[in-house]
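# Report on the structure
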Amino acid sequence: AWAVKENLYERLRAGGILPLELLVPIFKEARAAGLVADIDLTELAIVFRLMCLSYVLMWFMAGGQIDLLSFGPVVVERFLNGYKRRDDE
């Protein structure tokens, strides 16, 4: 299993699927500014990247009915504020 994991990771990294090296410094600044929780920066980068990929998938499924750029503010809002219940605010 470890050999498969290592091979898969290398293939994803080489294909640009895991640009965590680019996101970690951004989240370091965001943490210093108090915008994100004080948790592992790589974990933050992974969650943000997966959120972005999820919205790209939604865009594909919409068949051109949605502008991909319109998801930008939504991704940032959901990442920073989550999906709170209205009575929790």
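Coordinates for the structure precede this section.
Residues numbered from 1 in each chain as written. Predicted model: local features only at pLDDT ≥ 70, side-chain atom pairs only at ≥ 80, totals over all residues. Heavy atoms only, no water.

## What about the nonpolar core?
- Formed by 14 residues in total, the largest nonpolar core has its most connected members in Phe27, Val36, Leu44, Phe48 and Phe79.
- Only helix 2 (20-32), helix 3 (41-61) and helix 4 (71-81) provide two or more residues apiece to this core.
- It is helix 3 that contributes the most residues to this core, six residues altogether.
- Setting aside residues no more than four positions away along its own chain, Phe79 makes contact with Phe27, Val36, Leu44, Val47, Phe48 and Met51. (Core = buried A, V, L, I, M, F, W, Y, C linked by side-chain atoms within 4.5 Å. Buried < 20%, exposed > 50% of the residue type's maximum accessible area, 1.4 Å probe, protein only. Helix = DSSP H or I, 4+ residues; strand = E, 2+ residues; numbered from the N terminus. Contact = heavy atoms within 4.5 Å.)

## Brief notes about the packing of aromatic side chains
- Inspection of every chain in the model, using the stated rule, returns five aromatic pairs.
- On the basis of an interplanar angle of 75° and a centroid distance of 5.6 Å, the ring pair of Phe27 and Phe48 is categorised as edge-to-face. Placement of Phe27 in helix 2 and of Phe48 in helix 3 is noted, with a sequence separation of 21 residues between them. Pair check on accessibility: Phe27 and Phe48 agree, each one buried.
- Between Trp59 and Phe60, the ring centres sit 5.3 Å apart and the planes meet at 35°, which makes this aromatic pair tilted. (Phe/Tyr/Trp six-rings, centres within 6.5 Å; stacked < 30°, edge-to-face > 60°.)

## Digging into the environment of Arg31
- Along the chain, Arg31 falls in helix 2.
- Of the residues examined, Arg31 reaches a relative accessible area of 28% and is grouped as partly exposed.
- Separated by 10 residues in the primary sequence, Arg31 and Leu41 have C-alpha atoms spaced 8.7 Å apart.
- The contacts of Arg31, once residues within four sequence positions are left out, are Val36, Ala37, Asp38, Ile39 and Leu41.

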